[in-house]
Amino acid sequence: MMAAAIAGGITMASCTSSDSGSGPSIPYRDNTPVDYTIMFYSAGGENLDKETESDLLNAAKALQAVDKQVRFMVQYKYSTQEGINKSYSGGDDVPCGVAGGLYRFELLPSHISQHGVLDYFKNDMLYGNQQSASQIYRADSITSFINYCQRNAPAKNYILMFSDHGAGYAVWDDFPKTRGIVSDKFHDGNPDISVCDIRTAIANSNMKHVKMINFDACLMNTLEVISEVADVTDYVMASSHISNGGNYTELVNYLRGVNDDAAFEKNMSDYLNGTIQGMYNTMNEGDTNSKYAAGANEKKRCDWALTNTAKFKAVLPAMKAFTDKLVSQYNNNASNFDLSKLEYAANNCYRPSVDNDLYDMGQYVTLLAKANPNLDAEATALKTAMENAQVCHYYTNQVNGDFNNMEYKRLTYTVNLGAKVNVGEDVFVLRNGSPDDNKEIQCYDSNGLSFYYNVVNRTWRLGTLDETNVNAAWENTYETTAFDKATKWSRWLKLNPYFPINNPPFIKCP
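Now for a look at the structure at hand. On a predicted model such as this, the values are computed, not experimentally measured, just so you know.

What about the overall build of the protein?
Turning to step 1, where the next piece is worked out: In terms of helices and strands, the protein carries 16 helices and 15 strands.
Turning to step 2, where the next piece is worked out: Taking all 510 residues of the protein together, the buried fraction comes to 59%.
Turning to step 3, where the next piece is worked out: Accessible surface, the protein as shown: approximately 19,300 Å² in total, 46% of it carbon and sulfur.

Digging into unusual backbone geometry
Turning to step 1, where the next piece is worked out: Phi at Phe121 takes a positive value of approximately 55°, unusual for a residue other than glycine.
Turning to step 2, where the next piece is worked out: Here Phe121 is to be found in the loop between strand S3 (102-107) and helix H3 (139-152).
Turning to step 3, where the next piece is worked out: Overall, the relative accessible area of 3% leaves Phe121 in the buried class.
Turning to step 4, where the next piece is worked out: Phi is positive for Leu219, which is not a glycine, with a value near 65°.

Concerning the pairing of strand S2 (residues 70-77)
Turning to step 1, where the next piece is worked out: Buried residues dominate S2, accounting for eight of its eight residues.
Turning to step 2, where the next piece is worked out: Side chains Val70, Phe72, Val74 and Tyr76 project from S2 onto one buried face, and the interleaved Arg71, Met73, Gln75 and Lys77 project onto a second face that is buried too.
Turning to step 3, where the next piece is worked out: Direction of pairing for strand S1 (residues 34-43) relative to S2: parallel, over a ladder of eight bridges. Its bridge partner lying in S2, Thr37 is registered against Arg71.

Some details on the packing of aromatic side chains
Turning to step 1, where the next piece is worked out: Scanning all chains against the criterion turns up 24 aromatic pairs.
Turning to step 2, where the next piece is worked out: Between Tyr78 and Phe121, the aromatic rings sit 5.0 Å apart at their centres with planes inclined by 80°, giving edge-to-face as the arrangement. Note that Tyr78 is positioned in the loop between S2 and helix H2 (81-87) and Phe121 in the loop between S3 and H3, a separation of 43 residues in sequence.
Turning to step 3, where the next piece is worked out: Residue classification places Tyr78 among the buried positions, given a relative accessible area of 1%.
Turning to step 4, where the next piece is worked out: On the numbers, 4.2 Å between centres and 45° between planes, the contact of Tyr120 with Phe121 is tilted. For the residue pair Tyr120 and Phe121, the accessibility class agrees, reading buried in each case.
Turning to step 5, where the next piece is worked out: In this structure an aromatic cluster arises from ring pairing among Tyr76, Tyr78, Tyr103, Phe105, Tyr120 and Phe121.
Turning to step 6, where the next piece is worked out: Above the plane of the ring of Phe264 lies Lys211, whose end atom (NZ or CZ) is 5.2 Å from the centre.

Overview of the environment of Gly166
Turning to step 1, where the next piece is worked out: Its place among the elements puts Gly166 in the loop between strand S4 (155-163) and strand S5 (179-181).
Turning to step 2, where the next piece is worked out: The spacing of Gly166 and Ser239 is 73 residues in sequence and 10.0 Å in space, taken between C-alpha atoms.

Regarding the packing of H3 against helix H4 (residues 195-204)
Turning to step 1, where the next piece is worked out: Here H3 crosses H4 at 40°, and the two axes come no closer than 8 Å. On the basis of their axis angle, the class for H3 and H4 is oblique. At the point where H3 passes H4, the crossing takes the right-handed sense. The residues of H4 that touch H3, namely those facing Ala139, Ile142, Thr143 and Ile146, are Asp197, Thr200, Ala201, Ile202 and Asn204.
Turning to step 2, where the next piece is worked out: Counted by class, the contact of H3 with H4 contains five nonpolar, three polar and one charged residues.

Details of the packing of helix H10 (residues 339-348) against helix H11 (residues 361-371)
Turning to step 1, where the next piece is worked out: Two elements in contact, H10 and H11, have axes separated by 8 Å at closest approach and are oriented at 165°. Regarding the angle of H10 to H11, the classification is roughly antiparallel. Crossing handedness for the pair H10 and H11: right-handed. Contacts from Lys341, Leu342, Tyr344, Ala345, Ala346 and Asn348 in H10 reach Tyr364, Leu367, Leu368, Lys370 and Ala371 in H11.
Turning to step 2, where the next piece is worked out: Residue classes in the contact of H10 with H11 are distributed as eight nonpolar, one polar and two charged.

Focus on the sheet that holds S3
Turning to step 1, where the next piece is worked out: Strand order in the open sheet formed by eight strands is S3-S2-S1-S4-S7-S8-S9-S11, and the pairing between neighbours is mixed. Lying at the two open borders of the sheet, with one neighbouring strand each, are S3 and strand S11 (390-395). Taking each pair of neighbouring strands and ignoring which way they run, the sheet shows an average axis angle of 10°.
Turning to step 2, where the next piece is worked out: Relative to strand S8 (residues 233-238), strand S7 (residues 210-216) runs parallel, the two sharing four bridges. Along S8, the bridge assignment pairs Met212 with Tyr235.
Turning to step 3, where the next piece is worked out: Relative to S2, helix H1 (residues 49-63) is tilted by about 165°, and along the sheet it contacts S1, S2, S3 and S7.

Conventions adopted
- Residues numbered from 1 in each chain as written.
- Predicted model: local features only at pLDDT ≥ 70, side-chain atom pairs only at ≥ 80, totals over all residues.
- Heavy atoms only, no water.
- Helix = DSSP H or I, 4+ residues; strand = E, 2+ residues; numbered from the N terminus.
- Buried < 20%, exposed > 50% of the residue type's maximum accessible area, 1.4 Å probe, protein only.
- Areas by Shrake-Rupley, 256 points an atom, 1.4 Å probe, with all protein chains shown as cover.
- Pairing = 2+ DSSP bridges.
- Phe/Tyr/Trp six-rings, centres within 6.5 Å; stacked < 30°, edge-to-face > 60°.
- Lys NZ or Arg CZ within 6 Å of the ring centre and 35° of its normal.
- Axes fitted to C-alpha atoms, helices over the stretch in contact; angles between N-to-C directions.
- Parallel < 35°, antiparallel > 145°, perpendicular 65-115°, else oblique.
- Left-handed = near helix turned anticlockwise from the far one by under 90°.
- Contact = heavy atoms within 4.5 Å.
- Nonpolar A, V, L, I, M, F, W, Y, C, P; charged D, E, K, R; others polar.

Written out as structure tokens, the structure reads:
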């Protein structure tokens, strides 16, 4: 699923975490558990409906060969009519479903028509009575869908798949918790699913735990995201870059005959390697105008990683040890740091996307250790822990080429280093466009209150009453994440003199 760097259960009268599972029943299947049930949870993202239909068609084709091994359950909400218009050209090119339609069903090979297209998203697949008003970003909605899948498509293993736009974890827009995937344009503020709520949804379900969470969306391979869900899944599949999704036919095929962890890890690794080689290395070139290495040819810059969450848990104490040493060294004697190299670390760490303040942690700790050799041991231990947590990590030839001039020649996980601030530039928090098309950008003061800075006139004004009452205090946002509770990484974000400027969410505009 193509997902841009932006970032949706269903909360309706009959849909809560205790929902008894109303909705269409599964037509002819018995309840003998299959090997894997994929639970596909998605929304149209305002420009992805057509691509989602194509993905599901590909999955349905594979299901013809995996009967009694893999089942594929769907909950999908179509975009607004305006969003649908962005996906379809009109004429015979029309969506299967309706704008705002909320559908819940099992995807079956019989949904492929004699003309080779999908024959689904029918009225009897509509779920609930609120449709466009359904609040699909809520945890109890996700819980309801998980319980529905367990009842109607029992399996030995479950894969929860979120497909739509994704934004990883964005400190600069964190009110009051992590929000990163599946946006819903039918509600004020276009609310996304909180990664915290994904954890809550699984923990509150009858299932309690899943085999894998597959983030078919951009920018989700972050330390903050994976830390949040590590206790409720065995594996996480995610990309650090802007992604165009995966091959759903191959994803289903690679689950055939997989009966243990070793086979699962091998087949999912082969799937990701094939996806990178077959889909991404053959893509057309992207934007070549960006000054950032990670921005040129951005379509060809992609990665996919599979994380073993049991091993990932060793990353957190290693990260805390590194942070403890980093903060102690800086507080006790900042002169130990080569400040030019500290600034270099801020400016030259690998960024998977030019529009998001996500930096590869392996790259960053390597550069910080260059600024202060006393960090070498902790930096090495942290990089080793991150590498060990990843069953596999594949990236395109374009990314491999980027490593030629870098200190650390591989990717690990991304991490937040702050808000949308580029060191040495007059660009602060870009929220609604760029300075060229939106002269005012939103900033926050040290109390977390919003105000607006005019990049042309260099003047500022307070926001509206509602905006200035937004409680964006640090302790109510980033410090509530599982990652920061375990590592206290926010100590360095607040202390770092070079990036970001004054540190999130407190952006000091001139």
